[in-house]
Amino acid sequence: KSRETADPAADSSPKLAAADHRDEASSKKNLCVKAAKEHNIPKDLNKVLENKVMETVLDLSYVKLSVVEMTCSGDADSEGIVSKSVSSHSDLIPGVYEGGLKIWECTFDLMDYFSEAEIEFTNKTVLDLGCGAGLLGIVALRGEAARVHFQDYNSTVIDEITLPNVVANCISEGRRVGSGKDRKASKPPSKRPRKAEGSPDVLNRCRFFSGEWSQVSQLLLNSNKPCSKYDIILTSETIYNPDYYSALHDTLAQLLDSNGRVYLASKVHYFGVGGGIYLFEKFIEEKNVFRTSIVKTIDQGLQRCIMEITFKNSC
């Protein structure tokens, strides 16, 4: 098992170890790079939530994965990642599917840390890197961030998971993004599709991207819509594979504001893939661009950490 899942909607079927795919990933990594794409927000938000069933966790709405698995096919999943993940019982197929259909354990660690450390998002520009369900970015929106951009490797994840989750948390029914910082126990899930009414202003603060990190960086930096650097970059469970460290490091170096901060949540070690917090910390140290600090350690279950990353010459 490459990454322990904490998705309340995830099933308990066995997962293939990511090590099974390591050789395949190594052989592919120099052959092709997944192109970047910006995903437009449809004018008809009901289309975004069509056939979606929402559940709630920590007062945030998210798409029920099992329904996506049953309904997502054809053009809705042009990458074929849903069928490949289901048929192979795998949470990770390197270079094909990078785990964005699940909500991973460290996402909740980082959300808890935001509350404990009173991380301020007001008027900040935020990137949710490797966003998957997009819960971290949604919390930033709720905290009145000025802009939040969402990126995932897979376009299917953005269209079928991230975008519906953001829309569901912005519509007028129930609590709206930005209504407060209270994160008490949520109400039982409604288990039914939700209707979107209008296009809330909060969606105008969002942009959505898919593709490999270096390609997304280039798209953002060379876009017709000028993109300033990010005050805060949020990323969870993205350092499981050491093969990706260089691309991640370069992306952070290119997109983070000179005085910005990265909050990265990770397991100490990812069995079967070889990555982990201390290996990535050593990688960063050798590059000599950033300084790092382990700001929280969680000892329940597999040991996990939250790392803060800033430029060495930042204030």
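Looking at an unreviewed UniProt entry, the protein carries the name protein-histidine N-methyltransferase, with the source organism given as Sylvietta virens. Of the protein, the UniProt comment under Sequence similarities (unreviewed entry) reads exactly: "Belongs to the methyltransferase superfamily. METTL18 family."

**Observations concerning the state of the cysteines**
Across all of its chains, the model carries zero disulfides by this definition. The structure places no disulfide on Cys170, whose sulfur is separated from the nearest cysteine sulfur, that of Cys206, by 5.7 Å. Accessibility expressed as a relative area gives 1% for Cys170, which makes it buried.

**Details of the pattern of salt bridges**
Scanning all chains against the criterion turns up nine salt bridges. One salt bridge in this structure joins Glu55 and Lys64, with 3.5 Å as the shortest N-O distance. Of the two residues, Glu55 and Lys64, neither departs from the other in class, the shared state being buried. Salt bridges here are not isolated pairs; linked through shared partners, they connect Glu105, Asp109, Glu237, Lys267 and Arg304.

**A look at the nonpolar core**
Among the nonpolar cores identified, the biggest contains 53 residues, and Phe121, Leu135, Phe150 and Val166 are the most heavily contacted of them. If we ignore the near neighbours within four places in the chain, the residues touching Phe121 are Phe114, Val126, Val139, Ala140, Gly143, Glu144, Ala145, Ala146, Ile232 and Leu234. Residues Leu248, Leu255, Ile277 and Met307 belong to the second largest nonpolar core, which totals 31 residues.

**Side note on the side chain of Ser210**
Mapped onto the fold, Ser210 is located in strand S6 (residues 206–210). Look at Ser210 and you get buried, because its relative accessible area is 3%. Polar side-chain contacts of Ser210 include one of 2.7 Å to the side chain of His39. If sequence neighbours within four positions are ignored, Ser210 has contacts with Ala35, Ala36, Lys37, His39, Asp152, Tyr153, Asn154, Ser155, Ile158 and Val216.

**Here we look at the packing of aromatic side chains**
Under the counting rule described, the total for this entry stands at nine aromatic pairs. Relative to Tyr244, the ring of Tyr240 has its centre 6.2 Å away and its plane inclined at 85°; by these criteria the two rings are edge-to-face. With 6.4 Å between their ring centres and 5° between their planes, Phe280 and Phe283 make a pair best called stacked. Taken together, the residues Phe280 and Phe283, both in helix H10 (residues 277–287) and three residues apart, mark about one turn of the helix. Classification of Phe280 as buried rests on a relative accessible area of 0%. Grouped by ring-pair contacts, the aromatic residues Tyr240, Tyr244 and Tyr270 constitute a single cluster.

**Things to note about the environment of Tyr62**
The topology assignment puts Tyr62 in strand S3 (residues 60–63). On the accessibility criterion, Tyr62 (2% relative accessible area) is buried. Residues Tyr62 and Ile161 lie 99 residues apart in sequence; the distance between their C-alpha atoms is 7.7 Å.

**Details of unusual backbone geometry**
One non-glycine residue with positive phi stands out, namely Leu58, at about 50°. Within the element layout of this structure, Leu58 appears in the loop between strand S2 (54–57) and S3. A positive phi is found at Asn288, a non-glycine position, where the angle reads about 60°. Within the secondary structure layout, Asn288 lies in the loop between H10 and strand S9 (290–298).

**Comments concerning the sheet that holds S6**
The sheet built from eight strands is open, its strands ordered S1-S6-S5-S4-S7-S8-S10-S9 with mixed pairing. Taken across any chain shown, the strands that pair with only one partner, and hence form the sheet edges, are strand S1 (37–39) and S9. Direction aside, the axes of adjacent strands within the sheet are offset by 20° on average. When strand S8 (residues 256–267) meets strand S10 (residues 304–311), the two strands line up antiparallel, connected through six bridges. In the strand pairing of S10, Val262 is matched with Ile309. Across the face of the sheet, helix H8 (residues 213–221) comes into contact with S1, strand S4 (125–129), strand S5 (147–152), S6 and strand S7 (230–236) while running at roughly 140° to S6.

**Quick look at the packing of helix H9 (residues 245–255) against H10**
Interaxial distance between H9 and H10 falls to 11 Å at its minimum, and their mutual angle equals 60°. The pairing of H9 with H10 is recorded here as oblique in orientation. Regarding H9 and H10, the two cross each other, and that crossing is right-handed. For the pair formed by H9 and H10, the contact residues are Tyr245, Ser246, Leu248 and His249 on the first element and Leu279, Phe280, Phe283, Ile284 and Lys287 on the second. Taken together, the residues that form the contact of H9 with H10 break down as six nonpolar, two polar and one charged.

**A few points about helix H7 (residues 155–168)**
Here H7 contains 14 residues, and its C-alpha end-to-end distance of 19 Å stays within 8% of the 20 Å for a straight helix at 1.5 Å per residue. Approximately 30° is the largest bend angle found in H7, and it occurs at Thr162, with the proline Pro164 only one to four residues beyond.

Calculation rules
Residues numbered from 1 in each chain as written. Predicted model: local features only at pLDDT ≥ 70, side-chain atom pairs only at ≥ 80, totals over all residues. Heavy atoms only, no water. UniProt positions renumbered as here; feature names shortened; annotations may be inferred. Disulfide = S-S within 2.5 Å. Buried < 20%, exposed > 50% of the residue type's maximum accessible area, 1.4 Å probe, protein only. Salt bridge = Lys/Arg side-chain N within 4 Å of Asp/Glu carboxyl O. Core = buried A, V, L, I, M, F, W, Y, C linked by side-chain atoms within 4.5 Å. Contact = heavy atoms within 4.5 Å. Helix = DSSP H or I, 4+ residues; strand = E, 2+ residues; numbered from the N terminus. Polar contact = N/O pair within 3.5 Å; in protein donor to acceptor, adjacent residues only side chain to side chain. Phe/Tyr/Trp six-rings, centres within 6.5 Å; stacked < 30°, edge-to-face > 60°. Pairing = 2+ DSSP bridges. Axes fitted to C-alpha atoms, helices over the stretch in contact; angles between N-to-C directions. Parallel < 35°, antiparallel > 145°, perpendicular 65-115°, else oblique. Left-handed = near helix turned anticlockwise from the far one by under 90°. Nonpolar A, V, L, I, M, F, W, Y, C, P; charged D, E, K, R; others polar. Expected span 1.5 Å × (residues − 1). Bend = angle between axes of the 7 residues up to and from the residue.

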